[in-house]
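Below, each chain spelled out in residue letters.
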Amino acid sequence: MFLRARLWNNLSRAGFIRSYSKINLERLENRSLLRVQGSDATTFLQGLITNDMNHFQHGASSIYSMLLNTAGRVLFDTMIYRMSPEQSDHFLVECDAGLVDALRKHLTMFRIRKKVEIAPAECSVWAVFSQEKGSLPEQASCEGVSIYKDARLAELGYRIITDKTVSLDASSPKRCNLNMSAEDKTSQSNTIITFACELCKWTESCSYFGKQAPFVRNLKFEEDCYVMRDPFCPPPSVKQSSSVEYFIVIGANCRICSRVVCKNLECSFFYANTFCRQCSL
């Protein structure tokens, strides 16, 4: 388990993992968008997709749909977004990046006497999702970008559409605010603890210090420990056994000198309590 924490630390420093929190934001490099707009855009798409464009008239901002060939076989699976209620005939069609040219050709083939423009959209697609049920808000807003609930399942979170010039990296001022309540923000900030081993100088962010972490079920530690959520495992569901682990104990205070030490065998050992290597000699 300690090696998993070390691996997480190395991946974070190398930039492969942007952040560690219950809400994740990822850019979908394998998805592209086409812009379909014009006075006939709604009826044009209605005749080609397997879903019903009338959902937009009843408040939907996005729908999931497929496009079929004449034999009824699936050619493309897509997400269709309405730009805004004021732009009722302006849509973005999301599909696999490797098929965007084929989709454009397919749509153009049926654009006979229709007042419709079909063109690539210079936009990026992002996904906001969570591994913890209920941690995403019911509504989301962010200035300068378009945010849509995933039309397939609520558990899949949101899709975010931005211009390609806009960055949503953690350092960007346009990072989206998902309208978490003040209590949620406070609880998240309070659970970020910086752990630093005084012997090997290893540092890591953990989620809890104490004997009974709120995310560890039916288990109380014998001593105060530094505990992090296991970044490689999703939280166990209610139906799973209480013995399922999704946490890692990365360190504790030495019983004798109170020095903060990690669980590496070169720094400490455990016998009823944690002792640093210097005190154990």
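Given the structure is predicted, the values throughout are model-derived calculations rather than measurements.

> Even after reading the chapter, I still don't get the overall build of the chain, so can you show me in this structure?
Scanning the chain for helices and strands turns up five helices and 17 strands. The burial tally for the chain puts 38% of its 281 residues in the buried class. At a minimum sequence separation of 6, the contacts of the chain that also span at least 24 residues come to 55%.

> Just to check I follow, could you spell out the nonpolar core for this structure?
One broad trend across soluble globular proteins is that nonpolar side chains are buried collectively. Val 36, Phe 44, Ile 80, Leu 103 and Leu 107 are the most contacted members of the largest nonpolar core, which has 21 residues in total. For this core, the secondary structure elements donating two or more residues are strand S2 (31-37), helix H2 (41-46), strand S3 (62-68), strand S4 (74-84), strand S5 (87-96) and helix H3 (100-109). Excluding residues that lie within four positions of it along the chain, Val 36 makes contacts with Ala 41, Phe 44, Leu 45, Asp 89, His 90, Phe 91, Val 93, Leu 107, Val 116 and Glu 117. The next biggest cluster of nonpolar side chains, apart from the first, holds 14 residues, and it includes Cys 197, Ile 248, Cys 267 and Cys 276.

> What should I look at first to understand the pattern of salt bridges in this one?
Opposite charge on two side chains allows them to pair when their charged atoms are near. Scanning the model with the defined rule gives six salt bridges in all. Residue Lys 263 pairs with Glu 223 through a salt bridge whose shortest N-O separation is 3.8 Å. With Lys 263 in the loop between strand S15 (260-262) and strand S16 (268-271) and Glu 223 in the loop between strand S12 (208-210) and strand S13 (225-229), the pair connects residues that are 40 residues apart, well separated along the chain. Classification of Glu 223 by relative accessible area gives buried; the value is 8%. Each of Arg 31, Glu 94, Asp 150, Arg 152 and Arg 159 takes part in salt bridges that share partners, so that together they form one network.

> Any chance you could explain unusual backbone geometry here in plain terms?
Most peptide bonds adopt trans geometry, and most residues besides glycine take a negative phi value. In this structure, Arg 113 takes a positive phi of about 55 degrees despite not being glycine. By the secondary structure assignment, Arg 113 is in the loop between H3 and strand S6 (117-120). Of note, Ser 258 is a non-glycine position whose phi angle comes to about 65 degrees, a positive value. Turning to its location among the elements, Ser 258 is positioned in the loop between strand S14 (247-253) and S15. Taking relative accessible area as the criterion, Ser 258 reaches 48% and is therefore assigned partly exposed.

> How should the sheet that holds S3 be read in this particular structure?
Spatially, S3-S4-S5-S2-S6 is the arrangement adopted by the five strands of the open sheet, whose pairing is antiparallel. Looking along the sheet, the strands with just one partner apiece sit at the ends: S3 and S6. Between one strand axis and the next, the sheet turns by 30 degrees as a mean value, whatever way the strands run. Across seven bridges, S3 lies against S4 in antiparallel orientation. Of the residues in S4, the one forming a bridge with Tyr 64 is Met 79. Relative to S2, H3 is tilted by about 20 degrees, and along the sheet it contacts S2, S3, S4, S5 and S6.

> I keep staring at the side chain of Arg 159 and nothing clicks. Help me out?
With respect to the secondary-structure elements, Arg 159 resides in strand S9 (residues 158-163). There is a polar contact of 3.1 Å between the side chain of Arg 159 and the side chain of Glu 94.

> Could you clarify how one ought to interpret H3 in this entry?
An α-helix turns once per 3.6 residues; consequently, residues spaced three or four apart project the same way. Within the span of H3, buried status applies to Val 100, Leu 103, His 106 and Leu 107. The arc that holds every buried residue of H3, seen down its axis, measures 120 degrees, which confines them to one face. In H3, the exposed residues that point more than 90 degrees away from the buried face are Asp 101, Lys 105 and Met 109. The secondary structure elements touched by the buried residues of H3 are S2, H2, S3, S4, S5 and S6.

> Could you clarify how one ought to interpret the packing of aromatic side chains in this entry?
By convention here, two paired aromatic rings are described through the distance between centres and the angle between planes. One pass over the full model with this rule turns up seven aromatic pairs. The ring of Tyr 64 carries the charged tip of Arg 152 above its face, separated from the ring centre by 5.9 Å.

> Just to check I follow, could you spell out the sheet that holds S13 for this structure?
For sheets, the rule is that strands pair by backbone hydrogen bonds, running either parallel or antiparallel. Taken in spatial order, the four strands of this open sheet run S12-S13-S14-S15, and their pairing is antiparallel. Lying at the two open borders of the sheet, with one neighbouring strand each, are S12 and S15. When the angles between neighbouring strand axes are averaged without regard to direction, this sheet yields 30 degrees. Relative to S15, S14 runs antiparallel, the two sharing three bridges. Looking at S15, one finds that Gly 251 is bridged to Cys 262.

> I would appreciate a short explanation of the pairing of S13 in the present structure.
Two faces make up the sheet, and in a regular strand the side chains alternate between them. In terms of burial, S13 is a largely internal element, four of the five residues being buried. The sheet contact formed by S12 and S13 spans three bridges and is antiparallel. Bridge pairing in S13 places Gly 210 opposite Cys 225. The sheet contact formed by S13 and S14 spans five bridges and is antiparallel. Across the sheet, residue Val 227 finds its bridge partner in S14, namely Val 249.

Cut-off values and rules
- Residues numbered from 1 in each chain as written.
- Predicted model: local features only at pLDDT ≥ 70, side-chain atom pairs only at ≥ 80, totals over all residues.
- Heavy atoms only, no water.
- Helix = DSSP H or I, 4+ residues; strand = E, 2+ residues; numbered from the N terminus.
- Buried < 20%, exposed > 50% of the residue type's maximum accessible area, 1.4 Å probe, protein only.
- Contact = heavy atoms within 4.5 Å.
- Core = buried A, V, L, I, M, F, W, Y, C linked by side-chain atoms within 4.5 Å.
- Salt bridge = Lys/Arg side-chain N within 4 Å of Asp/Glu carboxyl O.
- Pairing = 2+ DSSP bridges.
- Axes fitted to C-alpha atoms, helices over the stretch in contact; angles between N-to-C directions.
- Polar contact = N/O pair within 3.5 Å; in protein donor to acceptor, adjacent residues only side chain to side chain.
- Arc of directions from axis to C-beta.
- Phe/Tyr/Trp six-rings, centres within 6.5 Å; stacked < 30°, edge-to-face > 60°.
- Lys NZ or Arg CZ within 6 Å of the ring centre and 35° of its normal.

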